[in-house]
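Read off the chains here:
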Amino acid sequence: MIVLKFGGTSVGDAAAIRRLVAIAGVALPERPLVVVSAMARVTNALLALEELVAAGDLDQAAEACNALCLRHEGTALELGLGAEATAALAQLCDELRGLVVAAIGLSSTAARRDLVAGFGEALSSRLVAGAFTTAGLPASWFDARDVIATNDQFGGALPDVAGIRLAAVEQLAPLLAAGRLVVTQGFVGRAADGRPTTLGRGGSDFSAALLGAALAAERVEIWTDVDGLMSADPRIVPEARLLAHASYDEAAELAAFGAKVLHPATQLPLVEAEIPIVIRNTFAPEHPGTWIRSGDSEVGESPIRSISFKPGVTVVQIRAPRMLGAYGFLRRIFEVFECHQIVVDVLATSEVSVSLTIDDASRLPAVVIDLAAVGEVVVRPGRGVIAVVGRGIRETPGIAARVYGAIADVNVEMISQGASASNLTFIVQEQDGPAVVRALHRTFFPETR
């Protein structure tokens, strides 16, 4: 069997869903499990709806809820869905409206945000399952929350891999073996106490990987709106080329440092079982895409495979000369970030100074107060991360010289190299990021000029 995961743009309207149906229909002999994201922009709309609910704004919340339901009901009408699928959508909309009314004025909680956010995948998966049935395909809708067991870390729950494997084999495998085209939600799970959870933004890819590993899939296909992994973001470098093959390590580095084609956690469940990931384009299904496998990397003149850019980064520097020769400096710093549940990205250290980057600065004021007890704190917002990704960068002489020679007129504020053999990472002013990417691409991919 295989797993086909379709992103938000791939289920974004009736035309996109018809393309999805055609793709899955061709794959029917391989017994596909179809995992879908919410329709494009729906998750953001649901989170905004939850904020209106918490603020007690009944009129605006009701209007937002109706707009979401009308979008899905309109798509169902355009697809010509039958009574069963239409009734399922109506029930979900009634549940969402009831939740809005019941929770108006109550304080926002992470658990309720997960409950509300999960409606997007519930609605889209019902649309897709209904579209399969309308097309005459043997479809079954399945609630992913019955299989994706997680802890109760709402907003970014951690999966129970062993529990998922057991439940998937018991509940999903028989449906697939019977030739059913099973449609389920990405992104969502369920804690041990029964409350719905989510795997974090972009977690539908992760869901597909978890289910693929649990069912020993032949491969996991991620269907999106691009042809695959690229040598750079084509919006920045129009002449960027497709990577036909990539290793797990390369794909992970690109995902972590700005390439939004693949969720960073996707490959984790698949590496040990050596299950390939394939990135495909829903809008160009004839294209072979990018295959991601262990050690599966193209060989060329240069070890550099891609240059990625992640904007919107904040640099935090902590300096404490009194810690010279003392132990515990790093522990104290990271305890602060752990306490405030902030993920640290890039890191550079010396004995008395630490520079690091974070993506989410919403809780930074409280972090700075706590860090002031450790040392002098300097915050620099408006930065971007550049990651040069490839094979054996750390062991290849001259790579760093070529990188920094290509951008000699740009101020590089922070460098991180050595933790991974697959990337060289540095920080620049956010506004310099696109120009840096283009300069590096010209240097390492001169044939694409």
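A short tour of the structure in this document, coming up. Predicted, not measured: the structure shown is a model, and the values here were computed from it.

### A look at helix α5 (residues 110-117)
Among all positions of α5, only Ala111, Arg112, Asp114, Val116 and Ala117 are buried. The inward-facing, buried residues of α5 abut α2 (42-54), α4 (83-103), α6 (119-134) and β6 (196-198).

### Quick word on the sheet that holds strand β2 (residues 32-36)
If you trace the eight strands from one edge of the open sheet to the other, you get β3-β4-β2-β1-β7-β9-β10-β8, paired in mixed fashion. Taken across any chain shown, the strands that pair with only one partner, and hence form the sheet edges, are β3 (139-141) and β8 (245-247). The mean inter-strand angle of the sheet, taken between neighbouring strand axes irrespective of direction, is 20°. Relative to strand β10 (residues 290-293), β8 runs parallel, the two being bridged by three bridges.

### Section: the pattern of salt bridges
Once the charged atoms of two side chains with opposite charge are near each other, the side chains can pair. Considering all chains together, one arrives at 17 salt bridges under this definition. Taking the shortest distance from any N to any O, the salt bridge between Asp146 and Arg190 comes out at 2.8 Å. Highlighted residues: Asp146 in the loop between β3 and α7 (161-177) and Arg190 in strand β5 (residues 188-190), separated in sequence by 44 residues. By relative accessible area, which is 36% here, Asp146 ends up partly exposed. Arg190 sits in the partly exposed class, given a relative accessible area of 26%. What you see here is one network of salt bridges that share partners, running through Glu30, Glu218, Arg219, Glu221 and Arg280.

Scoring rules and cut-offs
- Residues numbered from 1 in each chain as written.
- Predicted model: local features only at pLDDT ≥ 70, side-chain atom pairs only at ≥ 80, totals over all residues.
- Heavy atoms only, no water.
- Buried < 20%, exposed > 50% of the residue type's maximum accessible area, 1.4 Å probe, protein only.
- Helix = DSSP H or I, 4+ residues; strand = E, 2+ residues; numbered from the N terminus.
- Contact = heavy atoms within 4.5 Å.
- Pairing = 2+ DSSP bridges.
- Axes fitted to C-alpha atoms, helices over the stretch in contact; angles between N-to-C directions.
- Salt bridge = Lys/Arg side-chain N within 4 Å of Asp/Glu carboxyl O.

Without other data, these values stay purely geometric and don't point to any function.
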